[in-house]
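Close look at the chain arrangement
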Amino acid sequence: MEHKALRVIISGGGTGGHIFPAVSIAGKLKEVNPDTEILFVGAEGKMEMEKVPAAGYKIVGLKIVGLQRQLTLKNILNDLTVPFKVVGSVLNARKIIKEFKPDLAIGVGGYASAPLLFAATSMGIPALIQEQNGFAGLTNKLLGKRVGSICVAYENMERFFPADKIVMTGNPIRKEMVPATAEMKAEGIEMYGFDPSKKHILIVGGSLGSRTLNDAMKKWISDGCPGGEGVQILWQCGKYYKPETDRFMEDHKDCTDIMHSDFIKRMDLAYAAADVVISRSGASSVSEFCATHKATVLVPSPNVAEDHQTHNAMALVRKDAALIVKDAEASEKLMPVALGLVHDQARIAEIERNVAQLALPDAAMKIVEEAYRLLEK
């Protein structure tokens, strides 16, 4: 297929789970034709306004807010402003579209994609959306009826979208996320100061950290690390929780087999070094576990819209490609489950085989190919 130069608007954000796939799609569009012009549209004050320019792309912001589900006075007042901000954002989006004159609009979910994609489709601009999760978000469910193509990462998405528009592409992930070679594993073990004769667990709390995962670790350490013989742990506690974790570990200096950090620079090598990974089940993370063939213990966050993370986790658990521990039970069960798994090489191998079957490599390229196909219709 010829990849002619295009003008593309990519819209969405709010979380890293939306922003990273958007940047990955943009990178692939530029790779197939460097003359392609890309404009991002995000929500003012959200993470994308900082992350997208850092990746080298231009972004404009819309004044848009999402509905708050908890009933507090502040949230009720916020929700009352939403319709007015949506109308204003759609009008702003129309103005942006008229000025930029895109051939195509791509939505990746999050606040800003609704007004932009609504405006684009009403103006006759071909559009596609990418749904990262196993349970479609409200924005994408509404947009699914209006766009020409819906790129998904999970089976059975016809529950949410017209079946004839669905294309199974997977989620775009970082290109360095590949199954570990022996060399990568050795490099990771050396980089993180691990003992190659021991087993290794990686705990990933995300850039901000996870209170649940951190509390489960603290309880296990306070209990004397039962079952932790011959195991080393790399604990990514997150930026927000780093000071309190530092203080906690200062009181537990005898735990020499636990290394904690707020941020992991070479996640590919951290995965490679780990026998077992403990993590939340955001869509991008789950796609990385599939791509790297990792045995994981997933703890879905209950604090996300429509319980996305449980649906993401269960897509793996149903195929015996991961273990799951409920957030409310993590304090008691997480470390015993993870330690039971790390000492069971046969079970690790079985989970790795099953999760490898779910990997969907080259997702960004599949989405780009679908974008070009859409323009030829």
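Below is a summary of the structure that appears in this document. In this text, all values refer to a predicted model and were calculated from it rather than measured experimentally.

Our next topic: the overall build of the protein. Looking only at helices and strands, one finds 14 helices and 13 strands in the protein. What you see for the protein is a C-alpha radius of gyration of 22 Å, in line with the 21 Å of a compact globule of 377 residues. If you line up the protein on its principal axes, its C-alpha atoms span 65 × 50 × 35 Å. Across the 377 residues that make up the protein, the buried fraction comes to 50%. In the protein, once contacts between residues fewer than 6 apart in sequence are set aside, the share between residues at least 24 apart is 67%.

We now examine the sheet that holds strand β8 (residues 199–204). Paired through backbone hydrogen bonds, the strands of a sheet run either parallel or antiparallel to each other. The six strands lie next to each other as β10-β9-β8-β11-β12-β13, forming an open sheet whose pairing is parallel. Since the sheet does not close on itself, it has two edges, and those belong to β10 (258–261) and β13 (323–324), each with one partner. Sheet topology places β8 next to strand β11 (residues 276–279); four bridges connect them, and they run parallel. The residue of β11 that forms the bridge with valine 204 is serine 279. Lying over the sheet, helix α8 (residues 242–250) contacts β9 (231–236) and β10, oriented at roughly 155° with respect to β10.

Looking now at the state of the cysteines. Summed over the entire model, instances satisfying the criterion amount to zero disulfides. Cysteine 237 forms no disulfide, and the closest cysteine sulfur to it belongs to cysteine 255, at a distance of 14 Å. What makes cysteine 237 buried here is its relative accessible area of 0%. Of all cysteine sulfurs, the one in cysteine 225 lies closest to cysteine 255, which takes part in no disulfide; the gap is 4.1 Å. Overall, the relative accessible area of 11% leaves cysteine 255 in the buried class.

Over its twelve residues, helix α13 (residues 345–356) extends 16 Å from the first C-alpha to the last, a length consistent with the 16 Å expected when each residue adds 1.5 Å. Buried within α13 we find Ile348, Ile351 and Val355. Take α13 and look down its axis: the buried residues cluster within an arc of 65°, on one side only. Away from its buried face, by an angle of more than 90 degrees, α13 presents the exposed residues Ala346 and Arg353. Those residues of α13 hidden inside the fold are in contact with β11, α10 (283–292), α11 (308–317), β13 and α12 (330–342).

A few words on the layout of surface pockets. Counted as a void, the second largest pocket has a volume near 960 Å³. As for the second largest pocket, its lining consists of 41 residues, and the residues nearest its centre are Gly170, Asn171, Ser287, Leu360 and Ala363. Mapped by element, the contributors of at least two residues to the lining of the second largest pocket are α1 (16–32), α10, α11 and α14 (363–376). Residues belonging to the lining of the second largest pocket are distributed by class as follows: 21 nonpolar, ten polar and ten charged.

Definitions and cut-offs
Residues numbered from 1 in each chain as written. Predicted model: local features only at pLDDT ≥ 70, side-chain atom pairs only at ≥ 80, totals over all residues. Heavy atoms only, no water. Helix = DSSP H or I, 4+ residues; strand = E, 2+ residues; numbered from the N terminus. Rg over C-alpha atoms; globule rule 2.2 N^0.38 Å. Buried < 20%, exposed > 50% of the residue type's maximum accessible area, 1.4 Å probe, protein only. Contact = heavy atoms within 4.5 Å. Pairing = 2+ DSSP bridges. Axes fitted to C-alpha atoms, helices over the stretch in contact; angles between N-to-C directions. Disulfide = S-S within 2.5 Å. Expected span 1.5 Å × (residues − 1). Arc of directions from axis to C-beta. 1 Å grid on protein atoms, 1.4 Å probe; cavity = no way out; pocket = protein on both sides within 12 Å on 5 of 7 lines; lining within 4 Å. Points joined across faces, edges and corners; volume = space filled by probe spheres on them. Nonpolar A, V, L, I, M, F, W, Y, C, P; charged D, E, K, R; others polar.

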